[in-house]
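Structural description and commentary
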Amino acid sequence: MAEEAERANAAREEKEAAEEREKAARAEKKIARQEFAEKLSRAGSTVGEFFTKKRSVSPAITGSALKLSSVLIIILGLFQYFLRLTLSGTTTLTFYLSLFLFALAGYALAVKVEKDKVAIFIPMVLFVIWYFGFQGSLTPSFLLTYLLISMIVLALPAILTKGEAAKPELYGLLPVLFLFLDIGLIPWLIENFQLPVTPFLDSLVFFMPWWTLFGLFVIPETENKTFNFIAALARIAGVIYILMVLIVPLIPDIGYDSSSSLLPELSEFEQAQARLRGKLPQGENPFVSNIACAFSNPVDVPGCIQERQLLSSLKIVCQSQNIDEGTEEFDTCLDEEREKQKQALVEASGTVDPSFKEVTTAEFIISEQFFPKETVITSGQELTVHYPATVKVKNPRRQEITFDFSCFFTKGSTTVPGVVSLQGETKTTITIVTENNELPITCTPSASLDGSYKLVYEATLSNLKTTSSLKRAFIGMKSDQEKQQIIDQLSRTTFRTRLDSVSQAPDEFARINFGFGKTADDPYIAADDSLILVSSVTNNGVGKINHIRNYQIKVLEKGFTVKSGDIRCVEGSAITVPETISSRTPYVLPYSSCFLALPETLQQFDAPFRIETFFADLIYDYTIKKEIPITVKVEMTS
Amino acid sequence: MKIVSIIALLLISMLVISCTQGNKQIADFKKEGIGEVDVSRQESYFPRTAHQGDTFDMGLALINNAAYDAKDVRVVVAGFDNAFVDLIHEKEEKALIAGRSLFDQDGEEAQFQFQGVVNDLLGAEFKNQNYFIYLTYNSKMEFTPKPCIGLRQIYKNIQDQGCSIPEGATRYNGQGAPLTVESMEILPPSASGGEIKFILTLRNRGKGNINTVQLDKAMIANKELHCQFRGEPEMTKTVIFPEMKTLEVVCTALLETENRYTTTLFISFLYDYERVIQQSLELKR
């Protein structure tokens, strides 16, 4: 029994001891938890303190460190700039120098700010990881993850320091911006957006010593006021320059080649519409359209610009009809005007070639100062006044042009012929071959005048030659899918707008418009397509086409043959044109359409496609004229 | 000490970012991640302007960042207007550009040179030329996962060697090529002795286009695996890769045992790849 009692006692004691041990263990755990919580809290406040703590470095030391680092950045920046110029681009050496300057820039900024120095490096590190680690990936899913994590990484110090680390984090974006401008921007634009960057933007980035500019941004004020002033000016200029570099890539034609210039296209568009109802009113500023479209519709900036410009012009047209915007009537007006635009574009079968900056021109110039608009003679006195004019001729392609001058005076149904004196000689014809010419002439009435007349000068220019060109893409024998891929590529680059698909000519007196393909303005030609060719002549100036001496659409020399129709659809001569031909109503040549057969060389070839430009010559005579009112008062002698 | 802890914080952030990124951008020779024949920016040169009568040179430097060799590499320049530019030759070929391997972890580099002459611009001040460089080659991709196969976990009293069959598809980071097996779903049989199915989703994660894909070899533990493209007859081993879409391959094998165990799959694909690089050149008088 006693043994049993002892065992029961021992068991109770053991149980009590176990309970005690358990209690002790729980207490230990509690203490450990408290300690851990304290440690954690201390760690948080330590990190917070680390970010917020002011470094106890004397201002003199800070100032000299900042001065030293910024001067070093300026000098190394200049060295890197000259290396880049000498070595014509980014080399391994300049690349690593850029990275070093990037780190140095971070250090300089860290010295410059008093608090939270380390936070400056966070965005820098994040950028390095993105740009070099992930090769600047723009994959949406990746960007989402990366930006989310970046925000967390950036927010963490800001939270721990109660927002004080946010400012230096923003500072940290400055070296990132400069590194991006220095080495990243151009390849990034080309690689990710496939933008054919213009030499202008290229030069804008290439000819700027970015790190030197950064050095000027961070250099502390000195006692030398002149230096401070120059540095301040450089900073302002630098900010403007950076803004320009960042905005320019968004603008077609300035930042990147849009293959065919958008603005000339709009002016062409205006011309076409002007045929219906006069010149288009001024719409939205193209620059504003560019910027707005770059943000609102980055996928199709050119299309968006065209739409915005058109819409703004149409709104002005409808507003000018006193229709209130927002009403149903206003919408109807917009729809009607839009339809007119479409019609106008269909009419514009040829266009002006913007790549010809200098074109053949001839015009009469009257010097108001020396022109005898009003002459008083006494009765019986012979009128010996010579009416002077000058014909200014630009002949950049040195064509051989013959000028034949005439003049006359009209008053109602009365016409008095004039006698032309050319360059002081009694001749009316001259042939020029030089580039710039000024031909002075005078006109003298062959009979006496009395009253108000209209003096008309005329010059007929013979043997003028204007060459039009037309671009076509040959895509050979391909599957429908392959064809579509090529068409997609080319419609984004080579044939961006309809005007790229029609014939173009210098902005001269007249031009031949021509087109061929499945339809006349379809630029894509496959091996098995049936090709129709059409042509017309446009009077592009204010004078008159007298006579078409010759026209030739040079497709035969490229191996094409006329499958059906008259051979005169591609070349002909001695065409008399009606008086009514003008820029509004192109003259459709006789035998102007036929069907062509594609040469073998443009049906089968190795390349995915071929681009060919075809030319057509128009040789013609053209008359320009100038009218000016004159008065001759005859006074009776007493 | 504090600086060290902050740097550690940053490094951990970097590590987190690297690990949470869904796919490794660069393939390594272990056949993981995404890799293809890339243009070496530093070594390539494309002039921006050329004057009438000038001869100009263009150089395309390629580096094979894939874990496989690129065969029949062909570079074609197209898009120059033949009226204004004469290319001396428009095509260059190379039989092979070796991929990344244990012996060459950087992949082979190759240079392609082209030369052109600017003709008379016939009075025009300038002409803008947008042209394209077409890079095409053939290559392969091997998918070698080690899945757990057998009956599902709901069947008790079977040996499982500690492996389990995942519910739903397992995602993969790429196999060192632009063509990737994005995910694989295992559909075990509902009873012993049935067929196990592997449904592979293929995706193009490269910068170019995959034109056709061919099923090359398919093995499960050294035995043949029957695979076919979904929606295609079993005989069709080559299909056109749908642009911007995925392709499904269904493989089946007869289970020899109802036990679960880890085995090795080997499925390889051949594909032909095309990448188009756009450039521009301004011709000046």
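On a predicted model such as this, the values are computed, not experimentally measured, just so you know.

1. Description of the state of the cysteines
Each disulfide is one covalent bond, formed between the sulfur atoms of two cysteines. All names here are of chain A. One pass over the structure, following the stated rule, counts 4 disulfides over all chains. Note that Cys569 is cross-linked by a disulfide to Cys594, the S-S spacing being 1.9 Å. Taking the sign of the torsion about the S-S bond as the criterion, the disulfide between Cys569 and Cys594, at about 65°, is right-handed. One end of the pair, Cys569, is in the loop between strand S15 (561-564) and strand S16 (571-576); the other, Cys594, is in strand S18 (residues 594-597), and 25 residues separate them in sequence.

2. Topic: the sheet that holds strand S12 (residues 195-204) of chain B
Residues and elements named next belong to chain B. Pairing is antiparallel in the open sheet, where 5 strands are placed in the order S10-S11-S12-S17-S15. Edge positions in the sheet fall to strand S10 (169-171) and strand S15 (226-229), since each of these pairs with one other strand and no more. Adjacent strand axes in the sheet meet at a mean angle of 25°, parallel and antiparallel pairs treated alike.

3. Focus on the packing of aromatic side chains
Residue and element names in this part refer to chain A. In total, this model carries 29 aromatic pairs over all chains according to the counting rule given. Ring plane angle 65° and centroid distance 5.5 Å describe the contact between Tyr81 and Phe82, whose orientation is recorded as edge-to-face. For Tyr81, a relative accessible area of 12% corresponds to the buried category. For Phe82, a relative accessible area of 48% translates into the label partly exposed. Ring geometry for Phe474 and Phe614: centres 6.0 Å apart, planes at 70°, overall edge-to-face. Taken together, the residues Phe474 in strand S9 (residues 451-476) and Phe614 in strand S19 (residues 610-635) connect sequence positions 140 residues apart.

4. Details of the environment of A:Lys167
Residue and element names in this part refer to chain A. Mapped onto the elements, Lys167 comes out in helix H6 (residues 166-171). The exposure class of Lys167 is exposed, given its relative accessible area of 54%. Separated by 51 residues in the primary sequence, Lys167 and Asp116 place their C-alpha atoms 8.6 Å from one another.

5. Some points on a nonpolar patch on the surface
Residues and elements named next belong to chain A. Together, Phe229, Ile230, Leu233, Ile236 and Ile240 line one region of the surface with nonpolar side chains, adding up to about 530 Å² of accessible area. With respect to the helices and strands, the residue Leu233 is situated in helix H10 (residues 225-247). Judged by its relative accessible area of 45%, Leu233 is partly exposed.

6. Observations concerning the pattern of salt bridges
Residue and element names in this part refer to chain A. Counted according to the given criterion, the structure contains 25 salt bridges over all chains. Across the pair Lys373 and Glu368 runs a salt bridge, and its minimum N-O distance is 3.4 Å. Judged by relative accessible area, Glu368 falls into the exposed class, the value being 51%. For Asp566, the salt bridge goes to Arg568, with nearest N and O atoms at 3.0 Å. Judged by its relative accessible area of 37%, Arg568 falls in the partly exposed class. If you follow the salt bridges from partner to partner, you end up with Lys454, Lys625 and Glu627 in one network.

Definitions and cut-offs
Chains are numbered independently. Their residues run from 1 in the order of the written sequence. Chains and ligands are labelled sequentially in the order written, the chains with letters from A and the ligands with numbers from 1. In keeping with the predicted nature of the model, local features appear solely for residues at pLDDT of at least 70, side-chain atom pairs appear and are counted solely at 80 or more, and the whole-chain, interface and lining totals rest on all residues. Hydrogens and water molecules were not included; the side-chain quantities draw on all heavy atoms of the structure. Note on terminology: disulfide denotes any pair of cysteine sulfur atoms within 2.5 Å. In DSSP terms, a helix is any run of H or I states spanning at least four residues, a strand is any run of E spanning at least two, and both are numbered starting from the N terminus. By the convention used here, strands pair only if DSSP detects at least 2 bridges between them. Here an axis means a line fitted to C-alpha atoms, over the contact stretch when the element is a helix, while the angle between two N-to-C directions is reported on a 0 to 180 degree scale. By convention, a stacked pair of Phe, Tyr or Trp rings (six-membered ring in the case of Trp) has centres within 6.5 Å and planes under 30 degrees apart, an edge-to-face pair has planes over 60 apart, and any other such pair is tilted. To sort residues, take the accessible area from a 1.4 Å probe on protein chains only and compare it with the maximum for the residue type: under 20% means buried, over 50% means exposed, and anything in between is partly exposed. Nonpolar side chains (Val, Leu, Ile, Met, Phe, Trp, Tyr) within 5 Å and like charges within 9 Å form the patches, drawn only from residues with over 30% relative accessible area and no salt bridge. Each accessible area value is a Shrake-Rupley result obtained with a 1.4 Å probe; residue values ignore everything except the protein chains displayed when judging cover. Think of a salt bridge as a Lys or Arg side-chain nitrogen and an Asp or Glu carboxyl oxygen that are within 4 Å of each other.

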